Amino acid sequence: MIKKNISVIGAGTMGNGIAHVFAQHGFTVTLIDINQTQLDKALVTIAKNLDRQVAKGSITEDNKQKTLTNLCTQKSIELGVANAELVVEAATENIDLKLSIFKQLDTFAPANAILASNTSSISITKIASVTKRPSQVIGMHFMNPVPVMKLVEIINGYATSNTVTTTITELSKQLQKVPCVVNDYPGFIANRILMPMINEAIFSLYEGIAGVEAIDTIMKLGMAHPMGPLQLADFIGLDVCLSILKVLHDGFGNPKYAPCPLLVNMVTAGMLGVKSGEGFYTYLGDNKSLTVSKVFSK
């Protein structure tokens, strides 16, 4: 049973959201990133998101202050995980980076600590293989935005113990999330199903079948999706979508997972979606004001 100390690696969008949720539910959280600017930005983001919750009446001002008190930051992995019962890695979706981090975690985290990855597609078995504790390595894939989305996709690696799976399942429930346990194959379930749909939407645009707004509107109104697949791709990050599709394509060797050439070109051109200000849409200010990108509005 995990009682208190959580360490989160990576202070980006997913990392700060994961830290927020754990801290809000009474855990002591150390948010770790080598970039102090990113850590400072993460704390500002968490405070703003807590303010939104207060404004909506979902938490009190006292809850907000307790959550912030439960958070601290650290630039050193060695110092940041020294007392951790659970470490959740939420670094960039890059296999070499993740393997490097898990080697360090295996060295510096307590012997009984569970090591979890928030990866959305990279093999948990592969990640676990660089540690001396593969039975204690598991996937804990939160959805974005973490404070809002209820799902946690829990991924068992080849050697993950039943005890660890049960512990992480119960912990997810403590966070008021809905855990779903899956096995370790490329893309798991969420992205194995989602990414081919997004890729097909991009192919439909690439082949001139319909425009950006038409594709997204059809999926929203016809299939009751809250967001169209092209806008969703922008929100996820087109570079992340491309990375996941490459994992699926390489993992299964099936051409149906091959990324659309338009997606490849957009990523090469630096059109990454919300994070760069332009993808299939152009994003202004708070990212709520959007118009179809000039590339596709001709």
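Our structure is the block above this text.
Owing to the predicted nature of the structure, the values given are computational and were not obtained by experimental measurement.

Visitor: Sorry if this is basic, but what is going on with the packing of aromatic side chains here?
Guide: Between two aromatic rings, the relevant description is the distance of the centres plus the angle of the planes. By the definition in use, this model includes six aromatic pairs. Aromatic ring contacts, followed pair by pair, group Phe22, Phe27 and Phe142 into a single cluster.

Visitor: Explain the environment of phenylalanine 235 to me, please; I cannot follow it from the model alone.
Guide: Looking at the element boundaries, phenylalanine 235 is found in helix H10 (residues 229-236). Look at phenylalanine 235 and you get partly exposed, because its relative accessible area is 36%. When the C-alpha atoms of phenylalanine 235 and leucine 272 are compared, they prove to be 9.0 Å apart, with 37 residues separating the residues in sequence. In this view, phenylalanine 235 contacts Asn144, Pro145, Met227 and Val274; residues no more than four positions away in its chain are not counted.

Visitor: When you look at the side chain of asparagine 156 in this model, what are you seeing that I'm missing?
Guide: Mapped onto the fold, asparagine 156 is located in strand E7 (residues 151-156). At 2.5 Å, the side chain of asparagine 156 forms a polar contact with the side chain of threonine 165. Leave out the neighbours within four places in its chain, and asparagine 156 touches Ile138, Thr165, Val181, Val182, Asn183 and Asp184.

About the cut-offs
Residues numbered from 1 in each chain as written. Predicted model: local features only at pLDDT ≥ 70, side-chain atom pairs only at ≥ 80, totals over all residues. Heavy atoms only, no water. Phe/Tyr/Trp six-rings, centres within 6.5 Å; stacked < 30°, edge-to-face > 60°. Helix = DSSP H or I, 4+ residues; strand = E, 2+ residues; numbered from the N terminus. Buried < 20%, exposed > 50% of the residue type's maximum accessible area, 1.4 Å probe, protein only. Contact = heavy atoms within 4.5 Å. Polar contact = N/O pair within 3.5 Å; in protein donor to acceptor, adjacent residues only side chain to side chain.

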